[in-house]
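Structural features, examined
The residues making up each chain are set out below.
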Amino acid sequence: MRIRRAQKVSFTRRLLAWWARAARDLPWRRTRDPYRVLVSEFMLQQTQVSRVAEYYPRFLERFPDLETLARARPRAVREAWEGLGYYARARNLHSLAKQVSDAGGQVPDDPAELAKLPGVGPYTAGAVASFAYEKPVPAVDTNVNRVLRRVFVDRATGNGQGARKVWDLARALVPKDGKRAWNFNQAVMELGALICVARKPKCEQCPVRPDCRTGRNYRPPKRP
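In short, a report on the structure.

1. A closer look at the packing of helix α3 (residues 49–62) against helix α5 (residues 74–81)
Angle between the axes and distance between the axes: these two values describe a pair of packed helices. Relative orientation of the contacting elements α3 and α5 amounts to 155°, with a least axis distance of 9 Å. The orientation of α3 relative to α5 falls into the category roughly antiparallel. Once α3 is placed against α5, the crossing between them reads as right-handed. Residues Y55, F59 and R62 of α3 pack against A76, V77, E79, A80 and W81 of α5.

2. Side note on the environment of C196
One can find C196 in the segment after α11 (178–194). C196 gets classed as buried once you look at its relative accessible area, which sits at 10%. Taking the C-alpha atoms as reference, C196 lies 8.0 Å from N143; in sequence the two are 53 residues apart. Among residues more than four places away in sequence, those in contact with C196 are R146, V147, R150, L191 and P201.

3. Focus on the layout of surface pockets
Approximately 710 Å³ is the volume attributed to the largest pocket. Classifying every residue of the lining of the largest pocket gives 10 nonpolar, 8 polar and 6 charged.

4. Considering unusual backbone geometry
Positive phi is not limited to glycine here, since Q46 has a value of about 65°. Note that Q46 resides in the loop between α2 (34–44) and α3.

5. Things to note about the packing of helix α1 (residues 5–22) against α11
Taken N-terminus to C-terminus, the directions of α1 and α11 make an angle of 75°; their axes are 9 Å apart at the nearest point. Accordingly, the angle class assigned to the pair α1 and α11 is roughly perpendicular. On α11, the residues that touch F11, T12, L15, L16, W18, W19 and A22 of α1 are R180, W182, N183, F184, Q186, A187, V188, E190, L191 and L194. Grouping the constituent residues of the contact of α1 with α11 by class yields 12 nonpolar, 3 polar and 2 charged.

6. Some details on helix α8 (residues 122–133)
Between its first and last C-alpha, α8 extends 16 Å over 12 residues, near the 16 Å set by a 1.5 Å rise per residue. Counting buried positions along α8 gives 10 out of 12 residues, so the element sits mostly inside the fold. Every buried residue belonging to α8 is among Y123, T124, A125, G126, A127, V128, A129, S130, F131 and A132, and all of these are buried. Where α8 ends, the next residue or the one after it, E134, has phi of about 55°, a positive value.

7. Let's talk about the nonpolar core
Counting 70 residues, the largest nonpolar core has F11, L15, M43, F59, F63, W81 and L148 as its most contacted members. In contact with L148, other than residues within four places in its own chain, are F11, V153, V166, L169, A170 and L173.

8. Topic: the pattern of salt bridges
As enumerated under the stated definition, the model contains 13 salt bridges in all. Note that D211 and R14 form a salt bridge whose closest N and O atoms lie 2.9 Å from each other. Here D211, found in the segment after α11, pairs with R14, found in helix α1; they are 197 residues apart in sequence, far enough to count as distant. A salt bridge links D25 to R30, with the nearest nitrogen and oxygen atoms 3.0 Å apart. For the pair shown, D25 and R30 are each scored as exposed. Among the charged side chains, a salt-bridge network with shared partners connects R24, R29 and E190.

About the thresholds
Residues numbered from 1 in each chain as written. Predicted model: local features only at pLDDT ≥ 70, side-chain atom pairs only at ≥ 80, totals over all residues. Heavy atoms only, no water. Axes fitted to C-alpha atoms, helices over the stretch in contact; angles between N-to-C directions. Helix = DSSP H or I, 4+ residues; strand = E, 2+ residues; numbered from the N terminus. Parallel < 35°, antiparallel > 145°, perpendicular 65-115°, else oblique. Left-handed = near helix turned anticlockwise from the far one by under 90°. Contact = heavy atoms within 4.5 Å. Buried < 20%, exposed > 50% of the residue type's maximum accessible area, 1.4 Å probe, protein only. 1 Å grid on protein atoms, 1.4 Å probe; cavity = no way out; pocket = protein on both sides within 12 Å on 5 of 7 lines; lining within 4 Å. Points joined across faces, edges and corners; volume = space filled by probe spheres on them. Nonpolar A, V, L, I, M, F, W, Y, C, P; charged D, E, K, R; others polar. Expected span 1.5 Å × (residues − 1). Core = buried A, V, L, I, M, F, W, Y, C linked by side-chain atoms within 4.5 Å. Salt bridge = Lys/Arg side-chain N within 4 Å of Asp/Glu carboxyl O.

As C-alpha cells, then:
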C-alpha cells in the first residue's frame, strides 16, 4: 500500500518526539553488541519485559560473550534460563552461539543471513540488524504489527497477504538513516507496548492519533 509522504513525515515526527520523552530505560537499549542484543531478543519472545530485565543481567554475568556461551554445557545454559520458561529458546540460542563461533565468531548483520541461524525468524533478524548494527531495515513484532494496522490500515488483514502488506508498510516507513531507523523501530514497539495496546488502547494519550485512521474515530467515553 502507498503512504502519502506528508502522512509518513507527520507520523514519524510525532512518534520520535514522543519516544524522546517517554522511552523506558531498558538495559538492552544501552548496547549495540550483537550478542547482547540477541540474548535480549530471545528472552523477550513470549516473556514480559519486567521479567527479562531481571534475568538479562544475570545471564550475561554468567555468559558475558558469544564464545563463553558457545563453550558452555547445555545443563549450565538451562540452569541460567531457569524460570523464564520456553526452554527451546535457550537451546536455540546455545546452538546459534556454537554455529556462529564455528563460523568465525561474527554475528551476521544482514537479515537474510541472520534468518538462517537457529531460532531466528523474520522479526528477530530485522531486530538484530537494526538494534545491533543500525541497519535501516524493518522489525515487525506483534506490537509493531498492531500499531501499523491501526494507524494506516484500519481493518483486519489477518491472512498471509495482510502480513506481507504490513512488512511492506514497515519497510516504506523505516528511515534510511541507520541511527534514526534504530529509534524508529524502538519507538513503534514502545508505542504498541505502552499506548496502542491490544485491549483498550489509550487513544486519548496517543501521540500519533492525528495521523491514525483508527484513532481519528475514537470518542472518549462520556462522563456520568
